[in-house]
Every structure is written in structure tokens, then in C-alpha cells.
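Breakdown of the fold
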Amino acid sequence: QVQLVESGGGLVQPGGSLRLSCAASVLTSPFSGYAIGWFRQPPGKERDFVAATKWSGDNRAYADSVKGRFTISRDNAKNTVYLQMNSLKPEDTASYYCAKDRLIRRSMVPTRIGDFNSWGQGTQVTVSS
């Protein structure tokens, strides 16, 4: 089984930056065989897709609202996926979650919430003056 733990959230002013981490403990399957996605859930709203990285290579996907500001990356040696968030806006305020693709070695980058499982517990990001 794969257990994911998010960290790196906090309070930041508009225009600031944060780097979130998604650390994976792989018990039965290799972490590198799965796409990893980031989702966020603002207060009182639905959980939405943010970014995802394919199980291998540089293929990535981003929500339109974060393109050019957020960057997803992974370090398989450390079993960790990162979300670098720059030029943060108040509307980025949310609980951020990472999750693993349900399928191993999927040929495309998944972006739908139903494509993922093994959700972490989330880390809070608050962008405010």
C-alpha cells in the first residue's frame, strides 16, 4: 500500500511563494510507477484539480488557474512529489491534497478526481495580507 503525507502549507502574503511536499511510503508497489496529482479544496467549495505528473518523464498537467505560477515535480529517489507555488493569490487559499493514480503506468496524465486514490490528509494554504 501507498501512504501519502502532505506538508509545507502555511500563511503567506499575496505574491509570495510556498513549496508543498507529498511524501510517499511505498509498502507493496513502487511509487515511481504511478502518476501523482495535487488537488485543492477552498472553504465551502468542491475539491478541484491543480496539477499532476505522469509516472515517468516530464509530462505534466495544470489547471488553467495555476498555469505559469505553479510547478509540479517529483524526486523518486526520495519518494516525494513537490508543488512549487509562486505569485500566490488569495483565491489560492485552500486545503491542498495529493493523491496517487488508481492505475499503474497510465499513458496519459490523469486530471479527474475519480482517477486517484490513496489521498493524503491535506495541508492548509492561506494567502492573506
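Right, let's walk through the structure included here. Everything numeric in this text was worked out from a predicted model, so none of it was measured.

1. Quick notes on the overall build of the protein chain
The number of helices and strands found in the protein chain is zero helices and eleven strands. The N-to-C order of helical and strand elements in the protein chain reads β-β-β-β-β-β-β-β-β-β-β. Relative to the 2.2 N^0.38 estimate, which gives 14 Å for 129 residues, the radius of gyration of the protein chain is 14 Å and therefore close to what a compact globule would have. Considering the protein chain as a whole, with its 129 residues, one finds that 44% of them fall into the buried category. Partitioning the contacts of the protein chain with sequence separation of at least 6, the portion at a separation of at least 24 is 59%. Total accessible area computed for the protein chain in this model is approximately 6,500 Å², and 45% of it derives from carbon and sulfur atoms. Averaging the locations of the 16 positively and 10 negatively charged side chains of the protein chain gives two centres separated by 4 Å.

2. What about the side chain of Thr80?
With respect to the secondary-structure elements, Thr80 resides in strand β8 (residues 80-85). A distance of 2.9 Å separates a polar atom in the side chain of Thr80 from the backbone oxygen of Lys78. Apart from residues lying up to four places away in sequence, Thr80 is in contact with Ser21, Cys22, Ala23, Phe31, Ser73, Arg74 and Asp75.

3. Points about the nonpolar core
Trp38, Val50, Phe70, Leu83, Met85 and Tyr96 are the most contacted members of the largest nonpolar core, which totals 32 residues. Going through the elements one at a time, β1 (2-7), β3 (18-26), β4 (36-41), β5 (48-53), β7 (70-75), β8, β9 (94-101) and β11 (123-127) are the ones with two or more residues in this core. In this structure, Met85 is in contact with Gly16, Ser17, Leu18, Leu20, Arg69, Phe70, Tyr96 and Val125, ignoring residues within four places of it in sequence.

4. Let's talk about the environment of Asp115
One can find Asp115 in the loop between β9 and β10 (116-117). When the C-alpha positions of Asp115 and Glu91 are compared, they lie 25 Å apart, and in sequence the two are 24 residues distant.

5. Looking at the state of the cysteines
Overall, the coordinates contain one disulfide when judged by the stated rule. Bridging Cys22 to Cys98, the disulfide has an S-S length of 2.1 Å. For the disulfide bridge between Cys22 and Cys98, the dihedral angle about the S-S bond is near 75 degrees, and by the sign convention the bridge is right-handed. You can see Cys22 sitting in strand β3 and its partner Cys98 sitting in strand β9, a full 76 residues away along the chain.

Rules behind the numbers
Residues numbered from 1 in each chain as written. Predicted model: local features only at pLDDT ≥ 70, side-chain atom pairs only at ≥ 80, totals over all residues. Heavy atoms only, no water. Helix = DSSP H or I, 4+ residues; strand = E, 2+ residues; numbered from the N terminus. Rg over C-alpha atoms; globule rule 2.2 N^0.38 Å. Buried < 20%, exposed > 50% of the residue type's maximum accessible area, 1.4 Å probe, protein only. Contact = heavy atoms within 4.5 Å. Areas by Shrake-Rupley, 256 points an atom, 1.4 Å probe, with all protein chains shown as cover. Lys, Arg positive; Asp, Glu negative; His and termini not counted. Charge placed at Lys NZ, Arg CZ, Asp CG, Glu CD. Polar contact = N/O pair within 3.5 Å; in protein donor to acceptor, adjacent residues only side chain to side chain. Core = buried A, V, L, I, M, F, W, Y, C linked by side-chain atoms within 4.5 Å. Disulfide = S-S within 2.5 Å.

Any functional reading would require information beyond the geometric quantities listed.
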